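Architecture at a glance
Listed below are the residues making up each chain.
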2 protein chains.
Amino acid sequence: MPQWFSGYQPIIAVPIGDRGLQYGDGLFETVAVRNGRIRLWALHEDRLLTSCRRIGIQTEHLHDLYNQLDAALQASGNRNANCLTKVIVTRGQGPRGYRPPDDCPPSVYVGIFDHIPCPDMLYTRGIDIRICNTRLSSQPHTAGMKLLSRIEQILARSEWNDSNISEGIMLDQSDDIVCGTMSNVFMATEHGLMTPELVSAGVAGVMRRHIISIAEQNGIPVEVKQIPATEIAGASEFFVCNSQIGIWPVSRCGHRSFGARPITDKLRRLLRFSGVIEGPA
Amino acid sequence: MPQWFSGYQPIIAVPIGDRGLQYGDGLFETVAVRNGRIRLWALHEDRLLTSCRRIGIQTEHLHDLYNQLDAALQASGNRNANCLTKVIVTRGQGPRGYRPPDDCPPSVYVGIFDHIPCPDMLYTRGIDIRICNTRLSSQPHTAGMKLLSRIEQILARSEWNDSNISEGIMLDQSDDIVCGTMSNVFMATEHGLMTPELVSAGVAGVMRRHIISIAEQNGIPVEVKQIPATEIAGASEFFVCNSQIGIWPVSRCGHRSFGARPITDKLRRLLRFSGVIEGPA
């Protein structure tokens with residue numbers, strides 16, 4: 001069972017007037033902890049605070065998120081362990097009505113979950129994926145953010161029940177690739193890597209950002225651009241990533257199989273050098 | 001202060017694992033109670049259960065929503081009063097992950113709020129409205145539903161602070177009219193009434209449905225169709241509606257003023273005959 005904390009105290013419930021519940025008015029981060037290290041925290045905090053500012057959630061009360069997460073890890077007995085944490089920031093409580101109150105201190109909830117390692121095979125053999133029927137809507141005002149509202153991902157993830165399919169790829173309404181239901185996607189071609197630009201939909205994952213950074217530092221060019229779904233056929237490699245799993249190579253997407261993956265393998269090695277150790281070497 | 005109930009018991013908080021908070025995975029209805037009568041309940045229940053089925057929330061546990069609302073009204077001391085109620089249905093609790101658990105009984109939360117009558121002037125003089133900059137995204141899978149996730153309405157309602165502006169009209173990304181931030185919209189022309197079709201965005205309000213029904217029963221034709229924002233200029237009357245306010249005539253939208261409103265006035269009279277008594281006769 002996960003353990004939850006708020007304001008350094010254990011909790012099991014949230015006030016029903018919280019706008020996170022009433023209106024989906026909040027954001028979250030899913031943060032990996034490995035051997036007691038809060039991984040990629042700076043990137044998580046940056047995305048969270050940037051997103052808060054974009055939708056007008058007050059950030060002046062959010063200066064001690066790291067301390068709250070640290071305290072929750074201590075209190076849960078996981079400070080030096082592997083675990084998964086979830087940091088929820090909502091706009092806070094207020095009266096009924098969509099308009100945010102003028103002074104509305106945000107609420108912070110920190111959840112500590114057991115670490116459940118993924119089977120090695122997902123890293124070595126790679127995963128099978130599908131293209132989801134549920135299309136992502138276009139909303140530039142919130143594109144890139146990890147909003148609480150995930151109904152599109154829920155509908156997409158409800159489309160299949162086959163445990164051999166590890167992820168579903170979501171397209172926008174113009175049939176461009178956006179991301180996986182719980183991951184970001186990269187493809188390799190002879191020109192290097194490419195990943196969708198996420199200007200009108202999708203979550204700009206911290207692992208995506210980290211991978212772009214280490215790829216470019218190591219001479220692998222990355223194009224961030226609009227990618228029609230038809231380009232999957234021409235890609236030589238395909239992988240998905242998120243902050244928990246690191247990189248999962250894709251071995252099959254529909255009828256398309258992917259074989260040797262020199263760039264993906266190189267990136268997995270580079271991730272390990274950077275401290276992201278998920279799956280076998 | 002509102003009073004909240006769940007499973008016939010008073011509550012002040014919800015389990016933090018509720019998918020309503022974690023993922024915005026739920027719906028709500030705002031239901032008016034006048035002189036102890038739960039107004040338009042059949043329409044509210046129909047929209048709620050239809051929406052649940054569309055997104056796969058289990059409905060077999062939702063047969064006693066009326067009884068739960070009734071009991072909450074009794075327990076709060078409002079059974080014979082005027083008040084406002086909010087019925088939240090979430091998918092329920094489950095482990096982390098977007099995929100809904102196979103067996104997931106929904107959670108029901110019922111809130112009882114004081115009735116705050118709107119000033120008569122909003123009905124007699126009419127209201128001033130604006131066109132919001134925030135555009136609604138297109139998502140046919142959830143169009144018409146009253147999802148918990150209201151971030152677009154929150155952003156739109158945050159755009160203005162002028163208390164003389166009572167509502168903001170939201171367009172889609174093709175500049176067609178969808179609805180108000182908290183209301184549906186109708187316009188009158190020489191051909192009768194028209195209201196946006198809501199096939200790719202917007203909430204299909206119960207008052208909208210009720211108005212369409214009583215208009216047609218009384219010989220006022222209603223066209224439900226795509227309405228470009230440019231058609232506001234050619235409309236002779238404009239009004240917004242929801243289940244709390246009934247009908248608010250629009251007296252001004254930007255530079256466009258609206259004068260005599262025979263159809264709107266007739267509809268307000270018809271609403272009263274149907275039991276929707278809001279504002280002066």
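Look a little higher up for the structure.
If you're wondering where the values come from, they're calculated on a predicted model, not measured in any experiment.

**Looking at the overall build of chain A**
Across its full length, chain A holds 7 helices and 16 strands. For 281 residues, the compact-globule estimate of 2.2 N^0.38 gives 19 Å, and chain A sits close to it at 19 Å. Overall, the C-alpha framework of chain A stretches about 55 × 40 × 35 Å when taken along its three principal axes. Going through the 281 residues of chain A one by one, you find that 59% of them count as buried.

**As for the packing of helix α2 (residues 41-55) of chain B against helix α3 (residues 65-75) of chain B**
All names here are of chain B. At their nearest, the axes of α2 and α3 sit 11 Å apart, and the two run at 125° to each other. With respect to α3, the element α2 is oriented oblique. The crossing of α2 and α3 is right-handed. In this structure, α2 contributes W41, L48 and L49 to the contact, and α3 contributes L65, Y66 and L69. Considering only residue class, the contact of α2 with α3 consists of 6 nonpolar, no polar and no charged.

**Quick word on the relation of the copies chain B and chain A**
Taken together, a rotation about one axis and a shift along it account for how the two chain copies relate. Once chain B has been moved 0.0 Å along the axis and rotated by 180°, it coincides with chain A to within an RMSD of 0.0 Å. The operation mapping one copy onto its partner corresponds to a two-fold rotation axis. Within chain B, the C-alpha atom positioned nearest to the axis of rotation is that of B:L21, 2.2 Å from it. Looking at chain B, 100% of its interface residues are interface residues in chain A too, so the copies touch through the same face.

**Some remarks on the packing of aromatic side chains**
What describes a pair of aromatic rings is the distance from one ring centre to the other and the angle between the planes of the rings. For the structure shown, the criterion picks out 12 aromatic pairs over all chains. Residues A:F28 and B:Y23 carry aromatic rings whose centres are separated by 6.4 Å and whose planes lie at 65° to one another, so their mutual orientation is edge-to-face. Residue A:F28 is found in strand β4 (residues 26-34), and its partner B:Y23 is found in helix α1 (residues 19-23); the two belong to separate chains. When the ring of B:F238 is compared with that of B:F258, the centres are 5.8 Å apart and the planes differ by 85°; the resulting orientation is edge-to-face. On the criterion of sequence distance, the pair formed by B:F238 in strand β14 (residues 237-242) and B:F258 in the loop between β16 (256-257) and α7 (262-273) is long-range, its members being 20 residues apart. In this structure B:F238 comes out as buried when scored by relative accessible area, which is 1%. Here the aromatic cluster, defined as three or more aromatic residues joined through ring pairs, consists of A:Y23, A:Y98 and B:F28. If you follow A:R157 out to its NZ or CZ, it ends over the ring of A:W160, 3.9 Å from the centre. In this structure, B:R96 is placed above the aromatic ring of A:F113, and the distance from its NZ or CZ to the ring centre is 5.8 Å.

**Re the sheet that holds strand β6 (residues 83-90) of chain A**
Residue and element names in this part refer to chain A. An order of β2-β1-β7-β6-β4-β5 is seen for the 6 strands of this open sheet, with the pairing classed as antiparallel. Edge positions in the sheet fall to β2 (9-11) and β5 (37-38), since each of these pairs with one other strand and no more. As paired strands, β6 and strand β7 (residues 107-114) are joined by 8 bridges and run antiparallel to one another. Along β7, the bridge assignment pairs K86 with G111. On the sheet, helix α3 (residues 65-75) packs against β1 (3-6), β4, β5, β6 and β7 and is oriented at approximately 40° with respect to β7.

**Examining the pairing of β1(A)**
All names here are of chain A. As defined by bridge partners, β1 adjoins β7 across 3 bridges and the pair is classed as antiparallel. Paired with F5 across the two strands is V110, which belongs to β7. Where β1 meets β2, 3 bridges bridge the pair, whose relative direction is antiparallel. Counterpart to F5 in the pairing with β2 is P10. Between β1 and β2, which pair antiparallel one after the other, the connecting turn spans 2 residues, and G7 there sits at a positive phi close to 55°.

**Some remarks on α2(B)**
The terminal C-alpha atoms of α2(B), which comprises 15 residues, lie 21 Å apart, in line with the 21 Å expected from a rise of 1.5 Å per residue. Those residues of α2(B) that fall on the buried side of the exposure criterion are B:W41, B:L43, B:H44, B:R47, B:L48, B:L49, B:S51, B:C52 and B:I55. Each element contacted by the buried residues of α2(B) is listed here: α5 (151-157) of chain A together with β4 (26-34), β5 (37-38), α3, β6 (83-90) and α6 (206-217) of chain B. Count one or two residues on from α2(B) and you reach B:G56, which has phi positive near 80°.

Criteria and cut-off values
- Residues numbered from 1 in each chain as written.
- Chains lettered and ligands numbered in written order.
- Predicted model: local features only at pLDDT ≥ 70, side-chain atom pairs only at ≥ 80, totals over all residues.
- Heavy atoms only, no water.
- Helix = DSSP H or I, 4+ residues; strand = E, 2+ residues; numbered from the N terminus.
- Rg over C-alpha atoms; globule rule 2.2 N^0.38 Å.
- Buried < 20%, exposed > 50% of the residue type's maximum accessible area, 1.4 Å probe, protein only.
- Axes fitted to C-alpha atoms, helices over the stretch in contact; angles between N-to-C directions.
- Parallel < 35°, antiparallel > 145°, perpendicular 65-115°, else oblique.
- Left-handed = near helix turned anticlockwise from the far one by under 90°.
- Contact = heavy atoms within 4.5 Å.
- Nonpolar A, V, L, I, M, F, W, Y, C, P; charged D, E, K, R; others polar.
- Least-squares fit on C-alpha atoms with pLDDT ≥ 70 in both.
- Phe/Tyr/Trp six-rings, centres within 6.5 Å; stacked < 30°, edge-to-face > 60°.
- Lys NZ or Arg CZ within 6 Å of the ring centre and 35° of its normal.
- Pairing = 2+ DSSP bridges.
- Expected span 1.5 Å × (residues − 1).

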